[in-house]
Amino acid sequence: MKTILVPTDFSSAASTAAEYAAEMALTLHANLLLIHIYQIQVTYNEVAVVENPEKIQQDIEREMNALKQKLIDKTKGKLNIGTDIRLGSFFEELNNFCKKLNPFVVVMGSQGTTAADRLFFGGHTIHAMRHLMWPLITVPPGANFSSIQKIGLACDFDHVVDTMPVDEIKSLVHDFDAKLYVLNIAKKREFDPNTIYESGLVQEMLVDLKPIYHFVTSPDLDEGIMEFSEKNDIDLLIILPKRHSLVDKLIHKTHTKQFVLYSPIPIMALHH
């Protein structure tokens, strides 16, 4: 049976992601597992002060139970919900847990609600998106799961055979009985022989899904993708994190409107 894993810090953004994951789990007849990973903080004044580990554990358990009960009520008890609490480094513990669990997907909030939360939790999200080898969905604040009917795939048509997880994409489309939209976006319209060749490979690999292909030219990659997604009512957008790829161009932005953290629709990172 599939399991959807939800790391949470109990913020409103993380709770939104948990509710989104719960509704997705109902649709897929999957289990839901909530996990909180924390570290013992040491504060320094005149002397080092270590927080009370027992009180921290009790507070976390109380918040975890409250979140679990909220999701039980929301899903009318139809969902199998588990919980886990771990002490350690966020990504290391998450990665180790995924190795044991092999989740269908990991679902995280894309950002916190305060400036500090955005810096802290957003940093975790970006790092996990780039380095976690399991499918990862980032859920924006205010997002609700109803169904996934249209899946977008942002692709730069570069070394597609080595970088495109075809089986995972096919499985995802079939699981949700969705329509696939493949989007190639570039800053200027230039279809060199390699792009045409790679485009042909993509069409061959995904032929049985009968996807709809779009080629968009935009000086701003993230705005071009978002405009396309909103115009076509895309429910979930797939990006393929790989070295020197489209996702690098999207994440490494100097302005504050970072694509991943501020996308109005859920984004899934799929690794080959």
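Residues numbered from 1 in each chain as written. Predicted model: local features only at pLDDT ≥ 70, side-chain atom pairs only at ≥ 80, totals over all residues. Heavy atoms only, no water.

Quick word on the environment of Lys78
So, step 1. Along the chain, Lys78 turns up in the loop between helix H2 (53–74) and strand S5 (81–87).
So, step 2. With a relative accessible area of 65%, Lys78 lands in the exposed category.
So, step 3. Sequence separation between Lys78 and His29 is 49 residues, and the spatial gap between their C-alpha atoms is 9.5 Å. (Helix = DSSP H or I, 4+ residues; strand = E, 2+ residues; numbered from the N terminus. Buried < 20%, exposed > 50% of the residue type's maximum accessible area, 1.4 Å probe, protein only.)

As for the packing of helix H1 (residues 12–28) against H2
So, step 1. Taken N-terminus to C-terminus, the directions of H1 and H2 make an angle of 40°; their axes are 10 Å apart at the nearest point. One way to sum up the angle between H1 and H2 is to call them oblique. Crossing hand, H1 versus H2: right-handed. Facing Ser15, Ala18, Glu19, Ala22 and Glu23 of H1, the residues of H2 in contact are Leu67, Lys70, Leu71 and Lys74.
So, step 2. Split by residue class, the contact of H1 with H2 holds four nonpolar, one polar and four charged. (Axes fitted to C-alpha atoms, helices over the stretch in contact; angles between N-to-C directions. Parallel < 35°, antiparallel > 145°, perpendicular 65-115°, else oblique. Left-handed = near helix turned anticlockwise from the far one by under 90°. Contact = heavy atoms within 4.5 Å. Nonpolar A, V, L, I, M, F, W, Y, C, P; charged D, E, K, R; others polar.)

Describing the side chain of Arg86
So, step 1. Relative to the helices and strands, Arg86 is located in strand S5.
So, step 2. One polar contact links Arg86 to Asp84, side chain to side chain, over a distance of 3.5 Å.
So, step 3. Every residue in contact with Arg86, bar those within four places of it in the chain, is listed here: Ile35, His36, Ile37, Tyr38, Glu93, Phe97 and Lys100. (Polar contact = N/O pair within 3.5 Å; in protein donor to acceptor, adjacent residues only side chain to side chain.)

Focus: unusual backbone geometry
So, step 1. Phi at Phe10 is positive, roughly 70°, even though this residue is not glycine.
So, step 2. For Phe10, the location among the structural elements is in the loop between strand S1 (3–7) and H1.
So, step 3. We classify Phe10 as buried; its relative accessible area is 16%.

Comments concerning the pairing of strand S6 (residues 105–109)
So, step 1. Counting buried residues along S6, five of its five residues qualify, which places the element largely inside the surrounding structure.
So, step 2. On S6, burial covers both faces: Val105, Val107 and Gly109 on one face and Val106 and Met108 on the other are all buried.
So, step 3. Both S1 and S6 contribute to a ladder of two bridges, which runs parallel. Note that in S6 the partner of Leu5 across the bridge is Val106. (Pairing = 2+ DSSP bridges.)

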